[in-house]
Amino acid sequence: MPPHLYFMFFLLFASLALLNLSQFLFSTSYSCPSPSSSLKTKPIHILIVSSWRSGSSFLGQIFNHHKDVFYLFEPGHAIWMKFREESSELLHYPLRDLLHSLFTCDVSPLHHYLPEGGKHISEMGFFAESRALCTYPACSAYMPSEGYDRQNCFYRCVNSSMYRMAEACRMYTHVVIKTVRILDLSILFPLLQDPNLNLRIIHLVRDPRAVALSRKRFKLLATDDRVLLKNEVISKNMNSIINNVMAKICKSQVAINKLARTYKSFDGRYMVIRHEDLVTYPIESLRLIYDFAELHVTKDLEQWMYNVTHKEIQKSGPFMTFSRESSKVIERWRTAANFNFIHQVQLMCKGAMQSFGYLPVRSKKDQENTSIEIRQKNWVDRGVIYQGQW
Ligand SMILES: *[C@@H]1O[C@H](CO)[C@@H](O)[C@H](O)[C@H]1NC(C)=O
Ligand SMILES: *[C@@H]1O[C@H](CO)[C@@H](O)[C@H](O)[C@H]1NC(C)=O
Ligand SMILES: *[C@@H]1O[C@H](CO)[C@@H](O)[C@H](O)[C@H]1NC(C)=O
């Protein structure tokens, strides 16, 4: 064949490949398998997408307490710790692949990311957050009849093997993973298209002013911040880091929401919820979230949900202390932060405030005046599940 023909073939192939790729990425005709017909045989995969200090541990616990759920708390942490000199953008790809593996109960990538080669589940720093990893059969130190005790688990299950984790995972109808490390939802297109997955995304957002204040007080995020800001030019000044981190986080939350509302492959598979609505309307939110995830709500779970959002719970108890996250304290920033700080956050996060219905305050007086609304209240009324027709 003469060379120019080779070139023609090459062009043809290249354009066909591009066409396929763009169909793959941006397909608008893709329809997911009917959930009700596949529930018995096919597991459901839920990804909680959120950001630091936004209440995602709490949302994760709501799933963790359901008997059908295999829950993993932030497995992507291992990747960020292993490659802490890289950028969050680059680490999206190993993270995406790890999520894909874990959703299908394949734990093998963890052997390469965890510090001791992933011999034991305890190498995952947060394993005790997961009820499934703290009970039989993942942890053989527990009898099948024993309940979940987060604090005891930390000591008793320290030697459980990663293979038992995979075995346990296969026994559940729902695999739920929480991550704060996705800043661009488009990396998930291949997972949405994979016929072996039935992926749904719950996007949890929180008032940026509360997030910023919480970040300022919680100083353990230095490594995460470095990965997050790797591609940005910033000064070493603490306030400037917070401003830059907030700007980046807020921008990504808006982009995530926008992308999900634009592409049909997210139809019925994307739900956004505000942390404030979750703790203000706990029972309604529980029902909405479980409905979206196709999980049964039990009276016991409703009682638990009510308890953790309304009662003071002892620190030493088996569950995390959530009561400090309850509706009375979601507005703590109004008195605890100075107005300059709040004003800066409102500027950095203007888009996110608008997109998610948070209302700016214009003075210290307004900040502290509780008769002045700081968020639109109609989110639950009009349904927090986005199904393509807002
Ligand atoms: C875990 O393994 C170590 C080393 O083999 C052992 O010393 C320790 O007692 C074990 N812990 C539990 C709770 O089984
Ligand atoms: C909720 O709190 C009540 C009263 O403190 C307690 O009796 C009950 O066991 C709790 N229920 C759950 C599911 O946590
Ligand atoms: C608080 O805001 C309300 C509504 O705008 C206003 O009527 C009231 O005077 C304000 N209170 C104070 C102490 O400024």
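Sequence positions are assigned chain by chain, starting from 1 and proceeding in written order. Written order determines the labels here, with chains lettered from A and ligands numbered from 1. Note on the predicted model: pLDDT of at least 70 is required for a residue's local features to be given, and 80 or more for side-chain atom pairs to be given and counted; whole-chain, interface and lining totals, by contrast, use all residues. Only hydrogens and water are set aside; all other atoms, that is, all heavy atoms of the structure, feed into the side-chain values.

**Student:** Would you mind going over the packing of aromatic side chains with me for this structure?
**Tutor:** For Phe, Tyr and Trp, where Trp contributes only its six-membered ring, two rings pair if their centres lie within 6.5 Å, and the inter-plane angle classes them as stacked under 30 degrees, edge-to-face over 60, or tilted in between. According to the stated counting rule, one finds 9 aromatic pairs in the structure shown. A ring pair is formed by Phe83 and Tyr113, whose centres lie 6.2 Å apart and whose planes are at 80°; its orientation type is edge-to-face. Of this pair, Phe83 sits in the loop between helix 4 (77-82) and helix 5 (88-103) while Tyr113 sits in helix 6 (residues 110-113), and the two are 30 residues apart along the sequence. Only protein chains enter the area calculation, which uses a 1.4 Å probe; residues under 20% of their type maximum are buried, those over 50% are exposed, and those in between are partly exposed. Classification of Phe83 as partly exposed rests on a relative accessible area of 32%. Judged by relative accessible area, Tyr113 falls into the buried class, the value being 17%. Grouped by ring-pair contacts, the aromatic residues Phe127, Phe154 and Tyr155 constitute a single cluster. A ring is considered to have a charge above it if a Lys NZ or an Arg CZ atom is located within 6 Å of its centre and within 35 degrees of its normal. Lying over the aromatic face of Phe73, Lys178 brings its terminal NZ or CZ to 4.7 Å of the ring centre. Cation over ring: Arg181 sits above Trp80, and NZ or CZ is 4.9 Å from the ring centre. A helix here means a DSSP run of H or I that spans at least four residues, while a strand means a run of E at least two residues long, and both kinds are numbered starting from the N terminus.

**Student:** Any chance you could explain the packing of helix 3 (residues 56-64) against helix 15 (residues 299-310) here in plain terms?
**Tutor:** The description of two packed helices rests on the angle between their axes and on the distance between the axes. Helix 15 packs onto helix 3 with a crossing angle of 155° between their chain directions and a minimal axis gap of 11 Å. As far as their axial angle goes, helix 15 and helix 3 are roughly antiparallel. In this structure, helix 3 meets helix 15 at a crossing whose hand is right-handed. Residue-level contacts link Phe58, Gln61 and Ile62 of helix 3 to Trp304, Met305, Val308 and Thr309 of helix 15. Note on residue categories: nonpolar means Ala, Val, Leu, Ile, Met, Phe, Trp, Tyr, Cys or Pro, charged means Asp, Glu, Lys or Arg, and polar means any other residue, Gly included. Across the contact of helix 3 with helix 15, the residue classes tally to 5 nonpolar, 2 polar and no charged. Fitting a line to C-alpha atoms yields each axis, with helices limited to the stretch in contact; the angle taken between N-to-C directions then spans 0 to 180 degrees. Any angle from 65 to 115 degrees is called roughly perpendicular, while one under 35 is roughly parallel, one over 145 is roughly antiparallel, and all others are oblique. Less than a right angle of anticlockwise turn of the near helix away from the far helix marks a crossing as left-handed, whereas a clockwise turn marks it as right-handed. The contact definition used throughout considers only heavy atoms, calling two residues in contact when any of these lie within 4.5 Å.

**Student:** Can you help me understand the site of ligand 1 in this one?
**Tutor:** Taken together, the neighbourhood of ligand 1 is formed by Tyr155, Val158 and Asn159. In the model, an oxygen atom of ligand 1 is placed 2.3 Å from a nitrogen or oxygen of the Asn159 side chain. Only the protein chains shown count as covering a residue, and every accessible area follows the Shrake-Rupley method with a 1.4 Å probe. The protein chains hide 25% of the 360 Å² of surface that ligand 1 would expose on its own. Here a residue is considered near a molecule or strand provided that any single heavy atom belonging to it is located within 4 Å of it. In protein, a polar contact means a hydrogen-donor-capable atom and an acceptor-capable atom, both N or O and within 3.5 Å, with residues adjacent in sequence counting only if both atoms are side-chain atoms; elsewhere, any N or O pair within 3.5 Å suffices.

**Student:** Just to check I follow, could you spell out unusual backbone geometry for this structure?
**Tutor:** Phi is mostly negative for residues that are not glycine, and the peptide bonds are mostly trans. For the bond from Tyr136 to Pro137, the omega torsion is 0°, close enough to zero to count as cis. Residue position: Pro137 is located in the loop between helix 6 and helix 7 (150-156). Here Glu74, not a glycine, exhibits a phi torsion of approximately 55°, which is positive. Residue placement: Glu74 occurs in the loop between strand 2 (69-73) and helix 4. Since its relative accessible area comes to 4%, Glu74 is described here as buried.

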